[in-house]
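Understanding the architecture of this molecule
Next come the chains, spelled out residue by residue.
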Amino acid sequence: MGGAVALIVFGGLAAAWVFFRLPGTPDESASAYYGVSKVIAIGLVTVGCTLLGRRRTRAAAIKETNERERA
């Protein structure tokens, strides 16, 4: 999950870099924003999938514990 958060932060920094037109920014800002948005989206999807997987694992463990207590 740390890598996904790093992607989101990197994307945010890259967006700020393009917004302020710092050195190295492409002439076509639309293509730069497109690339930045892809990086941020990949990070958000990865974080979402990780959190969803953890939630499912936790719910399964709770369900198993409850079933053991009933038996």
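See the structure shown above.
All values derive from a computational prediction rather than experimental measurement. The numbers attached to residues start from 1 for each chain and follow its sequence in the written order. Given that this is a predicted model, residues contribute local features only at a pLDDT of at least 70 and side-chain atom pairs are listed and counted only at 80 or more, while totals for whole chains, interfaces and linings are drawn from all residues. Water and hydrogen atoms were dropped before computing side-chain values, which therefore reflect all heavy atoms in the structure.

1. Some details on the pattern of salt bridges
Threshold: Salt bridges, as used here, are contacts in which a Lys or Arg side-chain nitrogen is within 4 Å of a carboxyl oxygen on Asp or Glu. Every helix listed is a DSSP run of H or I at least four residues long, and every strand listed is a run of E at least two residues long, numbered separately from the N terminus.
Evaluated as defined, the whole model comprises one salt bridge. Residue Glu64 pairs with Arg68 through a salt bridge whose shortest N-O separation is 2.5 Å. With Glu64 and Arg68 both in helix H2 (residues 29-70) and four residues apart, the pair spans about one turn of that helix.

2. Examining the packing of helix H1 (residues 2-19) against H2
Helix packing for two helices is described by the angle between their axes and how far apart those axes are. As a reminder, the rule being used: Whenever a helix is involved, its axis is fitted only over the stretch in contact; in every case the axis is a line through C-alpha atoms, and angles between N-to-C directions fall within 0 to 180 degrees. For classification purposes, angles smaller than 35 degrees are called roughly parallel, those larger than 145 roughly antiparallel, those between 65 and 115 roughly perpendicular, and all remaining angles oblique. For a crossing to be left-handed, the near helix must be turned anticlockwise from the far one by less than a right angle; the clockwise case is right-handed. In what follows, residue pairs with any heavy atoms lying within 4.5 Å of each other are defined as contacts.
Two elements in contact, H1 and H2, have axes separated by 8 Å at closest approach and are oriented at 160°. Our classification of the angle between H1 and H2 gives roughly antiparallel. Here H1 runs over H2; the crossing is left-handed. For the pair H1 and H2, contact is made by Ala4, Val5, Leu7, Ile8, Phe10, Gly11, Gly12, Ala14, Ala15, Val18 and Phe19 and by Ser29, Ala32, Tyr33, Val36, Val39, Ile40, Ile42, Gly43, Leu44, Thr46 and Val47, respectively.

3. Observations regarding the packing of aromatic side chains
Working definition: an aromatic ring pair is given by the centre-to-centre distance plus the angle between the planes. We apply this condition: Centres within 6.5 Å are what make two rings of Phe, Tyr or Trp a pair, Trp counting through its six-membered ring; a difference in plane orientation under 30 degrees is then read as stacked, over 60 as edge-to-face, and the rest as tilted. Each residue gets one of three labels from its accessible area relative to the maximum for its type: buried under 20%, exposed over 50%, partly exposed in between, using a 1.4 Å probe on protein chains only.
Across all of its chains, the model carries one aromatic pair by this definition. Taken together, a centroid distance of 5.1 Å and an interplanar angle of 80° make the contact between Phe19 and Phe20 edge-to-face. Judged on exposure class, the residue Phe19 and its partner Phe20 are both exposed.

4. Section: the side chain of Thr25
Stated precisely, the cut-off is as follows: As used in this structure description, the phrase polar contact means that two N or O atoms lie within 3.5 Å; if the pair is within protein, one of them must be able to donate a hydrogen and the other to accept it, and residues adjacent in sequence are counted only when both atoms belong to side chains.
Position of Thr25 among the secondary structure elements: in the loop between H1 and H2. Overall, the relative accessible area of 17% leaves Thr25 in the buried class. Within the structure, the side chain of Thr25 is placed 2.6 Å from the backbone oxygen of Leu22, a separation counted as a polar contact. Once residues within four sequence positions are removed from consideration, Thr25 is found in contact with Trp17 and Val18.

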